[in-house]
Amino acid sequence: MEEKRDFSDLEREVIEKGKCALCGGCVATCRLLDYGYLSVDFSEERPVIREGQQCPPDCGYCYYQCPRVEKPALREGLEEMYEVVSTDEEIRRACQDGGAVTSLLAYALEDAIVEGCITVVDKGEWKPEVQVAMNKAGLIKGAGSKYTPAATLTGIADAILKYDLWSAALVGTPCVMSSYEKMLVVGRGTHNAHNFSSHIKLRIGLFCLGSYSYEKLMKGYLEHEHGIDISEVTKLQISEGALHVYAGEKEQLSAQINEIGDYKRDGCKVCEDFSGLFSDISVGNNGTPEGKSSVIVRTDFGKDIFEGALERGYIEAKPIEKSGADLIHRLMKEKKEAGIAEKERRKKLMEQLK
Ligand code: SF4
Ligand code: SF4
Ligand code: SF4
């Protein structure tokens, strides 16, 4: 019989190898969650076990949950692509692009499809914090990309244990979606003590080219190197190969993406998923003009939500232009290839060091 693995194996195989995506899945599924046994240390950007504690001998929930130990298998799905814009002016003003994510969530909340939405807000100085939004104001607070890790799946525990929700939407990067998929396929009834997997009804994945170390990008690069007051920044946007930093209408900085390459988290360098393949609906800003969102409907349930939001007038949509679809496919391919190449590079390096 295979020896049971535990957190020390997760540490050795994933965290210390620079593969951790900081999705928060291991924390949310820790068997001793109620005792705060496993948590995320945001200063180190890694999951940590409480000092001096030992895991129970028959556990390993965290290890088997982790999508970086073993990827979930991809299921056949749809791939319908649209160019979308929110019909709500307040949402459009607050959002990065077309406001599609916020409007789809607003529809799901107002139509009682979900009771709350797990998203990420800026808790000050662009430090990301997971929140459970229950209304439009909460959704607007969570609008816009943060580009630094939030361990979003820890929000599942909050949604269920703190707010007692029976049904929630989960918004996150592709790694969060794949970790949630692990909860569905591995967790249900086995290693997930709280059976969280049955509470998420809607999964919205966000296009992602990488997440950056908060200390390196926000403090080191923006604040110290460029003298930008982070508390005045109102929008961060990575588009067309550049990072754009705004304070109100004024663009404070536009930097080529390769200039901040060193600040990308190691776990992101081995990532192969750009578009959130394990989502019901994927959303991003690549492939559509400014002020619009690209939306990919991936499941039948995602289609119901998309069509419901369309029929009820929350969004306007048209099929994406071919050039937009081609760009998204190219980014998907390039990210997959880059992730595989980085894994190969690390493997060779390890062999040389043996
Ligand atoms: S899930 Fe189990 S093995 Fe993992 S950290 Fe929690 S108690 Fe330890
Ligand atoms: S990738 Fe996610 S589940 Fe794996 S160690 Fe990192 S935070 Fe935990
Ligand atoms: S690049 Fe991959 S691991 Fe990093 S935040 Fe995006 S989806 Fe997650």
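If you're wondering where the values come from, they're calculated on a predicted model, not measured in any experiment.

A. Inspection of the overall build of the protein chain at higher detail. The secondary structure content of the protein chain amounts to 12 helices and 13 strands. Relative to the globule expectation of 20 Å for 354 residues, the C-alpha radius of gyration of the protein chain, 20 Å, shows essentially globular dimensions. The buried share of the protein chain, taken over its 354 residues, is 45%. Residue pairs at least 24 apart in sequence account for 71% of intrachain contacts in the protein chain once pairs closer than 6 positions are excluded.

B. How the structure looks around the domain arrangement of the protein chain. One can read the domain layout of the protein chain as domain 1 (7-71), domain 2 (80-211 + 265-338) and domain 3 (214-263). The gap between the C-alpha centroids of domain 1 and domain 2 is 24 Å. Counting from both sides, the interface comprises 20 residues of domain 1 and, opposite them, 24 residues of domain 2. Contributing elements (two or more residues each) for the side of domain 1 that touches domain 2: α2 (25-29) and α3 (61-65). Among the elements that make up the side of domain 1 that touches domain 2, the one with the highest residue count is α2 (4 residues).

C. Geometry of the sheet that holds strand β9 (residues 242-247). Sheet architecture is open: 3 strands sit in the order β8-β9-β10, paired in antiparallel fashion. Of all the strands in the sheet, just β8 (235-239) and β10 (250-256) have a single pairing partner and so form its edges. Direction aside, the axes of adjacent strands within the sheet are offset by 20° on average. Direction of pairing for β8 relative to β9: antiparallel, over a ladder of 5 bridges. Along β9, the bridge assignment pairs Leu236 with Val245.

D. Fine view of the site of ligand 2. The local shell around ligand 2 holds 15 residues, among which Cys20, Cys23, Gly25, Cys26 and Cys66 are the closest. Every element with two or more residues in the shell around ligand 2 is listed here: α1 (7-15) and α2. Ranked by residue count, the leading element in the shell around ligand 2 is α1, at 3 residues. Per-class residue counts for the shell around ligand 2 are 10 nonpolar, 4 polar and 1 charged.

E. Up close: the pairing of strand β5 (residues 128-133). In terms of burial, β5 is a largely internal element, 5 of the 6 residues being buried. In the sheet, strand β4 (residues 116-122) pairs with β5 via 6 bridges, with the strands oriented antiparallel. Among the inter-strand pairings, Val121 is bridged to a residue of β5, identified as Glu129. Count of turn residues in the β4/β5 antiparallel hairpin: 5 residues, of which Gly124 carries a positive phi of about 120°.

F. How the structure looks around the site of ligand 1. Contacts to ligand 1 come from 14 residues, most closely from Cys30, Cys55, Cys59, Tyr61 and Cys62. Across the shell around ligand 1, the residue classes tally to 11 nonpolar, 1 polar and 2 charged.

G. Just the nonpolar core, in detail. Counting residues in hydrophobic clusters, the biggest one holds 86 residues, and the most contacted among them are Leu104, Cys117, Ile118 and Ala169. Tallying contributions element by element places helix α5 (residues 100-110) first for this core, with 8 residues. Built from parts of two domains, this core gets at least three residues from each of domain 1 (7-71) and domain 2 (80-211 + 265-338). Leaving out residues up to four positions away in the same chain, Ala169 has contacts with Leu105, Ala108, Val114, Cys117, Ile118, Lys201, Leu202 and Ile204. Ranked by size, the runner-up nonpolar core spans 13 residues in total, among them Tyr214, Leu217, Val233 and Ile238.

H. Up close: helix α7 (residues 154-162). Here α7 has its buried residues at Thr154, Gly155, Ile156, Ala157, Ala159 and Ile160. Those residues of α7 hidden inside the fold are in contact with α2, β1 (38-41), β4, β5, β6 (168-172) and β7 (200-206). A positive phi of about 60° marks Asp164, the residue just after α7.

I. The arrangement of the environment of Leu78 in detail. Mapped onto the secondary structure, Leu78 falls in the loop between α3 and β3 (80-86). Sequence separation of Leu78 and Asp280 is 202 residues, and the distance between their C-alpha atoms is 9.2 Å. Not counting residues up to four positions away in its chain, the partners in contact with Leu78 are Val297, Arg298, Thr299 and Lys303.

What counts and what doesn't
Residues numbered from 1 in each chain as written. Chains lettered and ligands numbered in written order. Predicted model: local features only at pLDDT ≥ 70, side-chain atom pairs only at ≥ 80, totals over all residues. Helix = DSSP H or I, 4+ residues; strand = E, 2+ residues; numbered from the N terminus. Rg over C-alpha atoms; globule rule 2.2 N^0.38 Å. Buried ≥ 20, exposed ≤ 12 C-beta atoms within 10 Å, placed from the backbone. Contact = placed C-beta atoms within 7 Å. Domains from an automatic or database assignment. Pairing = 2+ DSSP bridges. Axes fitted to C-alpha atoms, helices over the stretch in contact; angles between N-to-C directions. Near = placed C-beta within 6 Å. Nonpolar A, V, L, I, M, F, W, Y, C, P; charged D, E, K, R; others polar. Core = buried A, V, L, I, M, F, W, Y, C linked by C-beta atoms within 7 Å.

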